[in-house]
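One-letter residues, chain by chain:
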Amino acid sequence: SDVYTIGAPNSMSYTLTKGVLSAKDRQLGNYKYIQLDAAINKGNSGGPLLNDNGNVIGVNTLKVGETEGIGLAIPIT
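The rules behind each value
Residues numbered from 1 in each chain as written. Predicted model: local features only at pLDDT ≥ 70, side-chain atom pairs only at ≥ 80, totals over all residues. Heavy atoms only, no water. Pairing = 2+ DSSP bridges. Helix = DSSP H or I, 4+ residues; strand = E, 2+ residues; numbered from the N terminus. Axes fitted to C-alpha atoms, helices over the stretch in contact; angles between N-to-C directions.

> Please provide a residue-by-residue account of the sheet that holds strand β6 (residues 71-75), values included.
The strand order around the closed barrel built from six strands is β1-β2-β3-β6-β5-β4, with neighbouring strands paired in antiparallel fashion. Strand after strand, the sheet turns through a mean of 45° between neighbouring axes, direction not considered.

Pasting the structure below:
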């Protein structure tokens, strides 16, 4: 399903990025994340991850290494 990130990547305020939810329970170490392909760059982390209904489903956290299109969010629950 589609997801949306809100943040200020590279100091560009009021930025909305659309992506696709890739996995709801991606396990890394002892933690579970939401995996998405929306761009998560410096400034987007800490911003909300929204579903199609505008509900907050997570908090944008990080992108995986030097890869493109693998972002992670902490589930809101």
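> Run through the pairing of strand β3 (residues 31-36), naming residues and quoting values.
Alignment of strand β2 (residues 15-28) against β3, held across five bridges, turns out to be antiparallel. What sits directly across from L28, in β3, is Y31. As consecutive antiparallel partners, β2 and β3 are separated by two residues, and within that stretch G29 has a phi angle of approximately 65°, a positive value. Summarising the sheet, β3 and β6 pair through three bridges and their orientation is antiparallel. In the strand pairing of β6, Q35 is matched with L72.

Any functional reading would require information that these geometric values do not contain.
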